[in-house]
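Below, each chain spelled out in residue letters.
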Amino acid sequence: QVQLVESGGGLVQPGGSLRLSCAASGGIFSIYLMGWYRQAPGKQRELVAAATSGGNTSYADSVKGRFTISRDAAKNTVYLQMNSLKIEDTAVYYCYTIVQGPTGYWGQGTQVTVSS
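Residues numbered from 1 in each chain as written. Predicted model: local features only at pLDDT ≥ 70, side-chain atom pairs only at ≥ 80, totals over all residues. Heavy atoms only, no water.

Caption draft 1: Just the overall build of the protein, in detail. Each helix and strand in the protein was counted, giving zero helices and eleven strands. If you list the helices and strands of the protein from N to C, you get β-β-β-β-β-β-β-β-β-β-β. Against the compact-globule benchmark of 13 Å for 116 residues, the protein has a radius of gyration of 14 Å, which places it among compact chains. Principal axes of the C-alpha set define a box for the protein whose edges measure 45 × 25 × 25 Å. In the protein, which comprises 116 residues, the proportion classed as buried is 39%. Long-range contacts, defined here as pairs at least 24 residues apart, represent 53% of the contacts in the protein between residues at least 6 apart. (Helix = DSSP H or I, 4+ residues; strand = E, 2+ residues; numbered from the N terminus. Rg over C-alpha atoms; globule rule 2.2 N^0.38 Å. Buried < 20%, exposed > 50% of the residue type's maximum accessible area, 1.4 Å probe, protein only. Contact = heavy atoms within 4.5 Å.)

Written out as structure tokens, the structure reads:
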């Protein structure tokens, strides 16, 4: 069973930075995509950024130029560097991966709070 373990969330002031990490493990033969979604209170879960095994990346318009997604294929790990954070970035951030099958898996979520 594939497991995703996230880390790096927390409380930060507006304009600050955080780096999220997500490590995948357990019966993985191929990873097609790893990415991050977020869900703010009262809102739908939305895609933040994703990276394919081929090296393509995509970002939500709201985070372009501020967030950077990267992958360490050898470690089955994806990172999300978040700079110039805004109050509206406050949400629970979920790691997501698509592996062989293809089958998708979610992490448990990590809270990011941007507040002064």
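Once the structure has been displayed, the description carries forward.
Caption draft 2: The environment of Asp89, seen in detail. Mapping Asp89 onto the fold places it in the loop between strand S8 (77-82) and strand S9 (91-99). With residues up to four places along the chain from it excluded, the contact list for Asp89 reads Arg38, Arg66, Phe67, Ser84, Val112 and Val114.

Caption draft 3: Geometry of the sheet that holds strand S7 (residues 67-72). A sheet is described by the order of its strands in space; here four strands give the open sequence S1-S3-S8-S7, paired in antiparallel fashion. Because the sheet does not close on itself, it has two edges, and the strands there are strand S1 (3-7) and S7. Strand-to-strand twist of the sheet, defined as the mean angle between neighbouring strand axes without regard to direction, takes the value 15°. (Pairing = 2+ DSSP bridges. Axes fitted to C-alpha atoms, helices over the stretch in contact; angles between N-to-C directions.)

Caption draft 4: Spotlight on the state of the cysteines. Enumeration over the complete set of coordinates arrives at one disulfide. Between the sulfur of Cys22 and that of Cys95 lies a disulfide, 2.0 Å long from S to S. Since a negative S-S torsion denotes a left-handed disulfide, the Cys22-Cys95 link at about -85° is left-handed. Of this pair, Cys22 sits in strand S3 (residues 18-25) while Cys95 sits in strand S9, placing them 73 residues apart in sequence. (Disulfide = S-S within 2.5 Å.)

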